[in-house]
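So you can see what is in the structure, the chains are spelled out below.
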Amino acid sequence: MYSYLVGKIISSNKKSITFENNYTGYHIYVSDPSMFEIGKVCKIYVIKNLSINNNKNRIVEELYGFGKYDQKELFLKLINVGGIGYRTALNICYNDVNQLKSLILAKDSDTLSSLPGITPKIARAIVDEVYIDTDDTTSNNKSAMVSDLVKALKSLGYEKKEIDLALHNVKVTEGLELSDLISSAIKLIVSEGEDVNKSTSI
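Parameters at a glance
- Residues numbered from 1 in each chain as written.
- Predicted model: local features only at pLDDT ≥ 70, side-chain atom pairs only at ≥ 80, totals over all residues.
- Heavy atoms only, no water.
- Helix = DSSP H or I, 4+ residues; strand = E, 2+ residues; numbered from the N terminus.
- Buried < 20%, exposed > 50% of the residue type's maximum accessible area, 1.4 Å probe, protein only.
- Contact = heavy atoms within 4.5 Å.
- Areas by Shrake-Rupley, 256 points an atom, 1.4 Å probe, with all protein chains shown as cover.
- 1 Å grid on protein atoms, 1.4 Å probe; cavity = no way out; pocket = protein on both sides within 12 Å on 5 of 7 lines; lining within 4 Å.
- Points joined across faces, edges and corners; volume = space filled by probe spheres on them.
- Nonpolar A, V, L, I, M, F, W, Y, C, P; charged D, E, K, R; others polar.
- Pairing = 2+ DSSP bridges.
- Axes fitted to C-alpha atoms, helices over the stretch in contact; angles between N-to-C directions.
- Salt bridge = Lys/Arg side-chain N within 4 Å of Asp/Glu carboxyl O.
- Patch = residues over 30% accessible without salt bridge, like charges linked within 9 Å, V, L, I, M, F, W, Y side chains within 5 Å.
- Parallel < 35°, antiparallel > 145°, perpendicular 65-115°, else oblique.
- Left-handed = near helix turned anticlockwise from the far one by under 90°.

Focus on the overall build of the protein
- Across its full length, the protein carries eight helices and five strands.
- The order of helices and strands in the protein, counted from the N terminus, is β-β-β-β-β-α-α-α-α-α-α-α-α.
- In the protein, which comprises 202 residues, the proportion classed as buried is 40%.
- Contacts in the protein between residues at least 24 apart in sequence constitute 53% of all its contacts with a sequence separation of at least 6.
- If you sum the accessible surface of the protein, you get close to 11800 Å²; carbon and sulfur atoms cover 48% of it.

Concerning empty space enclosed by the protein
- Summed over the entire model, instances satisfying the criterion amount to one cavity of 30 Å³ or more.
- Roughly 40 Å³ of internal volume is contained in the largest cavity.
- Around the largest cavity sit V30, S31, D32, M35, F36, G65, F66, G67 and Q71, which together line it.
- Across the lining of the largest cavity, the residue classes break down as four nonpolar, four polar and one charged.

Considerations on the sheet that holds strand 1 (residues 4–12)
- The sheet built from five strands closes into a barrel, its strands ordered 1-2-3-5-4 with mixed pairing. The sheet shows a mean angle of 55 degrees between the axes of neighbouring strands, direction not considered.

Regarding the pattern of salt bridges
- For the structure shown, the criterion picks out four salt bridges.
- Here E61 makes a salt bridge to K48, at a shortest N to O gap of 4.0 Å. Linking E61 in strand 5 (residues 58–66) with K48 in strand 4 (residues 41–53), this pair joins segments that are 13 residues apart in sequence.
- Classification of K48 by relative accessible area gives partly exposed; the value is 36%.
- The salt bridge involving D164 is made with K160; its shortest N-O contact spans 3.2 Å. On the criterion of helical spacing, the pair formed by D164 and K160 is a turn pair, its members being four residues apart in helix 7 (residues 160–169).
- Classification of D164 as buried rests on a relative accessible area of 13%.

Some points on the layout of surface pockets
- Taken as a whole, the largest pocket holds about 230 Å³ of empty space.
- The wall of the largest pocket is formed by 13 residues, among which M35, K68, Q71, D96 and V97 lie closest to the centre.

Comments concerning a nonpolar patch on the surface
- The grouping of Y4, V6 and V41 at the surface amounts to a nonpolar patch, some 280 Å² of accessible area in total.
- On the secondary structure map, V41 appears in strand 4.

Digging into unusual backbone geometry
- Phi at N22 takes a positive value of approximately 55 degrees, unusual for a residue other than glycine.
- With respect to the helices and strands, the residue N22 is situated in the loop between strand 2 (16–21) and strand 3 (24–29).
- With a phi angle near 55 degrees, K107 is a residue other than glycine that sits in the positive phi range.

Considering the packing of helix 1 (residues 69–78) against helix 3 (residues 97–105)
- One can describe the packing of helix 1 onto helix 3 by two numbers: an axis separation of 10 Å at closest approach and a directional angle of 40 degrees. Our classification of the angle between helix 1 and helix 3 gives oblique. When you trace helix 1 past helix 3, the crossing you get is left-handed. Of helix 3, the residues touching helix 1 (which contributes D70, Q71, E73 and L74) are V97, N98, L100, K101 and I104.
- Of the residues contributing to the contact of helix 1 with helix 3, the split by class is four nonpolar, two polar and three charged.

See below:
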């Protein structure tokens, strides 16, 4: 059983990377391939999943990889939640891990369901079944800030996909005012919209 591998990123696509370790290439599913720089030597934490292909009646081996140990740790908790499989858990880990932990800790399923890859049903299951062992008040503060940001963007009429974009790219830091956070989120959403309009007009 692998804990982690050290090697080089050879290539990537939308859902996975090819990772070379000791002259062997591994196909590894990751939540965000853009985080892994092609040609760079790095450590990747891995989990192996064995499943049976019903059509061909054979065992299929899949590797799931994470750039940080806390991502792997949360992934292991998620796959133990009823209704969450490996691929769904990986999609959830696309989000910021600290943000996920703070929302789970605060039992904020509403804000959690606003994040990419998480439906209201999955959000409720996560807050009910995932235990986060922490007394970090900073996490609680961040959770409240994120929740307030989501409510503010919804009240301004922004759609879920726009809110998803903001939550994934705007970083919540200690001492940041909510008004500044909202302003940054709106600028990001507007900028993304302008880029889309430019590409469609070409």
